[in-house]
Amino acid sequence: MMNRIILLIIIMLLIALPVTAQDDAQDDAPQVQTLGIGMSVEATISDAAPFDWWQIEGAAGDVVNVTIEAYEGLAPILAVLSPGGDLVNRSADGTPNGTLRMRFEFPTDGTYTIVAARVGVNEGTTTGRYILNVERVSAPAPIDPSFQEVVFPCADGEAITAVTLEFRQDAGDLGAYRITVFGENGLLPVIRVLSSSQDSDYCIPPDEDDLAGTYTFPDGTSGESAVRTGAQLTINTGGIDLGEITLIIGGFDETSGRYIAVIEGFAIETGTDADSVQVRLGALPAESTSLLVYMVGGDNRLDPTVLFEDGHCDDAGRRVCADVPVINGAGVTLSDSSVIGDRFDAGMVISDTLPHTLTLTSFSNRTSGSYAIMLVGEVPPRDFGD
């Protein structure tokens, strides 16, 4: 499906911006990535990759400002494609190291594509780096933090809330957060992200391509990813203050089943460093289940410890947290990274829908390093009643 979308976009660009055959002498190639309103990304235009596609979820009536800043000799150009692949807006040609701004109103709900390119595209001669930024002009109404939606819109469908995680970016973190979710037993997972400072709210539906990963639940059940059983999103902060980041994982199109999710990009520095996150099990129907939350150390010396309202956990399954399932060997493996638990990782079991504030730190503040948050839960079948 993604290849067909890319082909359609190429055809539209050929109609709107005449080009010749793409130079394939280099190894890099144009990329298709997801971009959220309120986000900023940095990328490079080369002879082998004279344009990039940034897909963004638009709501009818919303207005955004799109800005591209060019560097290192690049002469930029911007375009917007409709969900069907039609060219709906195009900027004037930019000058080398120039800046272009475009204001665009989404006529309908859907997934739009922002094309960042060089003047002339394949026939162009300039190359260089660019920064692309999308800001909302008309912000949505703020969501009451005490309110948790049972069902929310996502892409062309709806999703049921399974878990909500709130955190604030930390200067000691790795600069980007990657969220990966795999569903099992029929669950098609979605990822929704909101930023308080940027007034952004967007949702990533199940991936139409296989994420090529494997997963293992704490009970030892293992599986491989398949089409639409996974969802993934990378939040590249780009030096922008995102404020409070709200991450919601849900089940798409009323599907049910288990899920395992990992959020990479956190780090604990040497000393008394600690991160605070708030975790909340989804409302009906997820409240009939339990949620497992783990702090999983990376390939370093970090010895994770989780502090919560009425206790703490150092090693899951041992001593004061004997009721937390052990996660030795549980986790997610992707082509470029893996988040796998061991006996030193900490966790907590949540069995109600109240918000729980967790403090993530190191044991006795003696170790440091990167870590990931792992969430394991279930979306049961939704009961509509008689």
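Being a predicted model, the structure only gives us computed values, none of them experimental.

Q: Honestly, the overall build of the chain in this entry has me stumped. Any pointers?
A: For the chain, the count of helices and strands is one helix and 28 strands. Here the chain holds 386 residues, and the buried ones make up 52% of them. Summarising the internal contacts of the chain: among those between residues at least 6 apart in sequence, 77% fall at separations of at least 24. With the model as given, the accessible surface of the chain reaches about 16700 Å², and the carbon-plus-sulfur share is 49%.

Q: How should the pattern of salt bridges be read in this particular structure?
A: Pairs can form between side chains of opposite charge whenever their charged atoms are close. This model, assessed by the stated rule, comprises 16 salt bridges. Between glutamate 184 and arginine 258 there is a salt bridge whose closest N-O contact spans 3.0 Å. In this pair, glutamate 184 is assigned in strand β12 (residues 176–184) and arginine 258 in strand β19 (residues 257–268), connecting sequence segments 74 residues apart. The exposure class of glutamate 184 is buried, given its relative accessible area of 11%. Residues arginine 319 and aspartate 315 are paired through a salt bridge, measuring 3.0 Å at the closest nitrogen-oxygen approach. The class for arginine 319 is exposed, based on a relative accessible area of 56%. Looking at aspartate 315, the relative accessible area reads 5%, which means it is buried. Salt bridges sharing partners connect three or more residues here, namely Asp314, Asp315, Arg318 and Arg319.

Q: Can you walk me through the nonpolar core in this structure?
A: Soluble globular proteins tend to pack their nonpolar side chains together in the buried interior. Judged by nonpolar contacts, the single largest core of 90 residues is most densely connected at Leu132, Ile235, Tyr259, Ile373 and Leu375. Formed by nine residues, the second largest nonpolar core is a distinct cluster that contains Phe152, Ala159, Leu194 and Ile248.

Q: Looking at this structure, how should I read the state of the cysteines?
A: Two cysteines form a disulfide when their sulfur atoms are joined by a covalent bond. Taken as a whole and judged by the stated rule, the model has two disulfides. For cysteine 154, the disulfide goes to cysteine 203, at an S-S distance of 2.1 Å. Taking the sign of the S-S torsion, -90° for the link of cysteine 154 and cysteine 203, the bridge is left-handed. In this pair, cysteine 154 sits in strand β10 (residues 151–154) while cysteine 203 sits in strand β14 (residues 200–204), placing the two residues 49 residues apart along the sequence. Across the pair, exposure class does not vary: cysteine 154 and cysteine 203 are buried alike.

Q: What am I meant to see in the pairing of β10 here?
A: Along any regular strand, the residues point their side chains to alternate faces of the sheet. Here β10 shows a buried face lined by Phe152 and Cys154 and an unburied face lined by Val151 and Pro153. Of the pairings in the sheet, the one linking β10 to strand β11 (residues 157–168) comprises four bridges and is antiparallel in character. Paired with phenylalanine 152 across the bridge in β11 is alanine 159.

Q: Just to check I follow, could you spell out the environment of serine 222 for this structure?
A: Position of serine 222 among the secondary structure elements: in strand β16 (residues 222–224). In contact with serine 222, other than residues within four places in its own chain, are Glu184, Tyr215 and Thr216.

Q: Please explain the packing of aromatic side chains as it appears in this structure.
A: Both the distance between ring centres and the angle between the ring planes are used here to describe each pair of aromatic rings. Within this structure, the stated rule accounts for 10 aromatic pairs. Consider the rings of phenylalanine 51 and tryptophan 53, whose centres lie 4.9 Å apart with planes at 50°: the pair is tilted. A residue is classified by how much of its surface remains accessible, and phenylalanine 51, at 6% relative accessible area, is buried. For tryptophan 53, a relative accessible area of 3% gives the class buried. The rings of Phe167, Tyr177, Phe266 and Tyr371 are connected pair by pair, giving a single aromatic cluster. The ring of tyrosine 71 carries arginine 129 above its face, with NZ or CZ at 4.7 Å from the centroid.

The rules behind these values
- Position numbers for residues start from 1 in each chain and track the written sequence from start to end.
- Local features in this predicted model are restricted to residues whose pLDDT is 70 or higher, and side-chain atom pairs enter the listing and the counts only when it is 80 or higher, whereas totals over whole chains, interfaces and linings include all residues.
- Side-chain numbers come from the whole structure's heavy atoms, not from hydrogens or water.
- Numbering of helices and strands starts at the N terminus; helices are DSSP runs of H or I of at least 4 residues and strands are runs of E of at least 2.
- A simple rule labels every residue: compare its accessible area, found with a 1.4 Å probe on the protein chains alone, to the largest value its type can have, and call it buried under 20%, exposed over 50%, or partly exposed in between.
- Contact definition: two residues touch when any of their heavy atoms are within 4.5 Å.
- Every accessible area reported is derived by Shrake-Rupley at a probe size of 1.4 Å, with residue values counting cover from the shown protein chains alone.
- A carboxyl oxygen of Asp or Glu within 4 Å of a side-chain nitrogen of Lys or Arg is what we treat as a salt bridge.
- Among buried residues, those of type Ala, Val, Leu, Ile, Met, Phe, Trp, Tyr and Cys that are joined through side-chain atoms within 4.5 Å constitute a nonpolar core.
- Any two cysteine sulfur atoms within 2.5 Å of one another count as a disulfide.
- We call two strands paired when DSSP finds no fewer than two bridges between them.
- Aromatic contacts are taken between Phe, Tyr and Trp rings whose centres are within 6.5 Å, Trp giving its six-membered ring; a plane angle under 30 degrees counts as stacked, one over 60 as edge-to-face, and the others as tilted.
- Placement of a positive charge over a ring is assigned whenever Lys NZ or Arg CZ falls within 6 Å of the ring centre and within 35 degrees of the normal to the ring plane.

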